[in-house]
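Observations on the three-dimensional arrangement
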Amino acid sequence: MDNLLEQSEKTVTALYETLTKPEILYHNLVHTREVVEAVQLMHGFYQLPSEEDLAVQVAAWWHDVGYLYGPPENHEARSAEKARLFLTDLKAGESLIVKVESCIMATRMPQKPTGLMEEIICDADLFHLGTTAFKENSKMLRREIELINGTPLKGSDWRFSTLNLLERHHYFTGFAQERLNEGKKKNLDELKAKYEEKLLEKNLEKEQADVQENIEVGPEKKNIAKPKKRKVAVPKR
């Protein structure tokens, strides 16, 4: 067990160091280590069976490696494939490999885990939603998406999509719910307030622009149709 975990850490770390891309600002080794740490917190709490315990920890190391080999789309499948090749080379059993693959694939959004093992890695992957790291991670993820797509994201659009994520998301394990729901609600409330503040500012700016336009145009410059003079027939005398 220890050997597989040590080899996973060593191999994945080397992959990120040699294959990393400048645009991958969020789904990088830092995020991977954070997910591993969150998994270790929960797996110790739940005392999983030995093979499941190993599988979820190995999966945490490999779950985002697919970003190094292609676009964000279907990165989970590429991660699972790389994990299988790695484990096969180390003569790991098929049962363990399948469990690692299922854990990695469970992180695909929207998350739909089946069983405690998959619930643990799903909660670990989005652990930051309920912590003080949420704001900084959100900034890094936004910048990463902008760099990958080559186009900037409007602040209003990003806030709206992030609000949607927070409102729809729920933690699966009791461990995460008890420890992170309060923090997630605080992050959600602060983001809602920011979204409404920016929306109010935008509406106010629009109103001020409309008023300024009316002042600059003035009634004498408006294209107002003048009433036509009506011809009055003069009776013949």
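Residues numbered from 1 in each chain as written. Predicted model: local features only at pLDDT ≥ 70, side-chain atom pairs only at ≥ 80, totals over all residues. Heavy atoms only, no water.

Some details on the side chain of Thr-162
Topologically, Thr-162 is positioned in helix H8 (residues 155–168). Note on Thr-162: relative accessible area 7%, which makes it buried. Of the polar contacts made by the side chain of Thr-162, one reaches the backbone oxygen of Trp-158; its length is 2.8 Å. (Helix = DSSP H or I, 4+ residues; strand = E, 2+ residues; numbered from the N terminus. Buried < 20%, exposed > 50% of the residue type's maximum accessible area, 1.4 Å probe, protein only. Polar contact = N/O pair within 3.5 Å; in protein donor to acceptor, adjacent residues only side chain to side chain.)

Remarks on the packing of aromatic side chains
Applying the stated criterion to the full structure yields four aromatic pairs. With centroids separated by 6.3 Å and ring planes inclined at 40°, the aromatic side chains of Phe-160 and Tyr-195 adopt a geometry described as tilted. With a gap of 35 residues between them, Phe-160 in helix H8 and Tyr-195 in helix H9 (residues 174–221) connect regions that are remote in the sequence. Given the relative accessible area of 22%, Tyr-195 is considered partly exposed. Among the aromatic side chains, those forming a connected cluster through ring pairs are Phe-45, Tyr-46 and Phe-175. (Phe/Tyr/Trp six-rings, centres within 6.5 Å; stacked < 30°, edge-to-face > 60°.)

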